[in-house]
Amino acid sequence: MDLLPRHLRRLADELLDVTPVLVIEGARQAGKSTLAHQFVPGGLSTVVTLDDPQVRAFASLDPVGFLQSAGAGRLVIDEVQRMPSLMLPLKLAVDLDRRPGRFVLTGSANLLRVPGSEDSLAGRALTLRLQPFSQGEIEQRVDDWVTRLSADPAGAIGRQPDRGDIVGRMVRGGYPAVQGLSPRAMGLWLKGYADRLLERDSADLGTLQVPVLRRLLMLVAAAPGAELVLERFAETLGVARSTVQRYLDILEALFITTTLPQWSRSLTSRQTRRAKCYVTDSGLLAALNNHTAERLLSPLGVDHLGGVVETFVVNELRRQQGWSETPFELSHFRDRNGAEVDVIIETDRGVIAVEVKAAGSAQTRDFKHLALLRDRLGDECIAGVVMHLGPAGRVGDRLWAMPVTSLWA
């Protein structure tokens, strides 16, 4: 497919004008290297990858010379997590010369969680997280649903959805390499991608048992959006609770999974309550569960479609966080009486509550907990939205039904 512009490019250009080191992190095959190569002024930069054994040897034997190899230009270092020991020499190089835009680093693992990384580069580097394509990027339009809805909910409704098109988008997901592939080739690519991450890239994050890590990922994929109960996972896998937590951290560090904390007014309480866990791409989730678009649209797949839709919505919002004009945080809501809301979007203007449904129409009962939360929050509630696969409509005070397509259309 043609090279699609990334919405983060503009912010990346701004950051390169103010920081000596720009870190672009994210999953393999999300487009980090492609984006990094776009920051190379003609003839003034050097691009290397630490996947290359010869480059790693040079960096190991002479880190100072390696970091000076671009001269007055920019050094782009791909897959920097392969050599975490490079962080300390990089810190020293930056302290000697703090010119902005000297280094661009890309990493397929969260550098703060890579063993052997002796320094976080705090105060010397800024980080962008590049995720697979959002639907807006695929459509080549800026998708910023939270800003649009905050300004005018009626203007964020979106177009009438086509159920088959939406499910097809969910099963395809956002990895650049699968766009345009046949369903069979797409499924094989996504499964092979997961295998490589688990069997090879996980080794960068410490010693572990790959079969247990694989089984844990399959447990997460089998129950998208479920609350994390470590004791239950530990019992199923036959390992200690601490091992489950470490392996979950590894999956998140590899950008295979993501979590939503439970919403609370207290930030401390929010971190200690149960989080919900999702695979970071709906296409990858579908492949791990052998879900095709045809199956999900049939009566045989109806019980699985809800989890795929919820995963898709959460990930689209995650991606839009990177460029939204309205900074926002994501969490989920559950109270002691069992009231639940799938996604809470917290902005400086107020709170948006989103309930995700796979149905083709929104029912009155779908708004029950949204109305409850609206009444508790009062004027702080911007809107309560049932996001589904059907048409839009206003159903009450700050309560809306909106199609999934409203996220980007």
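Residues numbered from 1 in each chain as written. Predicted model: local features only at pLDDT ≥ 70, side-chain atom pairs only at ≥ 80, totals over all residues. Heavy atoms only, no water.

In this section: the overall build of the protein. Per the secondary structure count, the protein includes 17 helices and 13 strands. The C-alpha atoms of the protein give a radius of gyration of 22 Å, which matches the 22 Å a tight globule of 409 residues would have. If you line up the protein on its principal axes, its C-alpha atoms span 65 × 50 × 45 Å. Every one of the 409 residues in the protein was classed for burial, and the buried ones make up 54%. (Helix = DSSP H or I, 4+ residues; strand = E, 2+ residues; numbered from the N terminus. Rg over C-alpha atoms; globule rule 2.2 N^0.38 Å. Buried < 20%, exposed > 50% of the residue type's maximum accessible area, 1.4 Å probe, protein only.)

This part is about unusual backbone geometry. Phi is positive for glutamate 79, which is not a glycine, with a value near 55°. Within the fold, glutamate 79 resides in the loop between β3 (74–78) and α5 (87–96). A positive phi angle is found at arginine 398, which is not glycine, with a value near 60°. You can see arginine 398 is positioned in the loop between β12 (393–396) and β13 (399–403).

Between helix α10 (residues 210–222) and helix α11 (residues 230–237), the least distance of the axes is 11 Å, while the angle of their chain directions is 130°. Here α10 is positioned oblique relative to α11, judged by the angle of their axes. Two packed elements cross with a definite hand, and for α10 against α11 that hand is right-handed. The residues of α11 that touch α10, namely those facing Val212, Arg215, Leu216, Leu219 and Val220, are Phe233, Thr236 and Leu237. Across the contact of α10 with α11, the residue classes break down as 6 nonpolar, 1 polar and 1 charged. (Axes fitted to C-alpha atoms, helices over the stretch in contact; angles between N-to-C directions. Parallel < 35°, antiparallel > 145°, perpendicular 65-115°, else oblique. Left-handed = near helix turned anticlockwise from the far one by under 90°. Contact = heavy atoms within 4.5 Å. Nonpolar A, V, L, I, M, F, W, Y, C, P; charged D, E, K, R; others polar.)

Ranked by internal contacts, the top residues of the largest apolar core, which has 77 residues, are Trp145, Leu149, Leu284, Val309, Leu317, Ile345 and Val404. Of all hydrophobic cores here, the second largest spans 21 residues; its members include Val48, Leu75, Phe103 and Leu121. (Core = buried A, V, L, I, M, F, W, Y, C linked by side-chain atoms within 4.5 Å.)

On strand β7 (residues 276–279), burial covers both faces: Lys276 and Tyr278 on one face and Cys277 and Val279 on the other are all buried. Bridge analysis of strand β6 (residues 257–260) against β7 gives 4 bridges, and the strand direction is antiparallel. Residue pairing in the sheet places threonine 257 in a bridge with valine 279 of β7. (Pairing = 2+ DSSP bridges.)

This part covers the sheet that holds strand β4 (residues 103–107). Spatially, the 5 strands line up as an open sheet ordered β2-β3-β4-β1-β5, and their pairing is parallel. Edge positions in the sheet fall to β2 (45–49) and β5 (125–129), since each has one partner strand and no second. When the angles between neighbouring strand axes are averaged without regard to direction, this sheet yields 15°. In this sheet, β3 lies alongside β2 in parallel orientation, the contact comprising 5 bridges. The residue of β3 that forms the bridge with valine 47 is valine 76.

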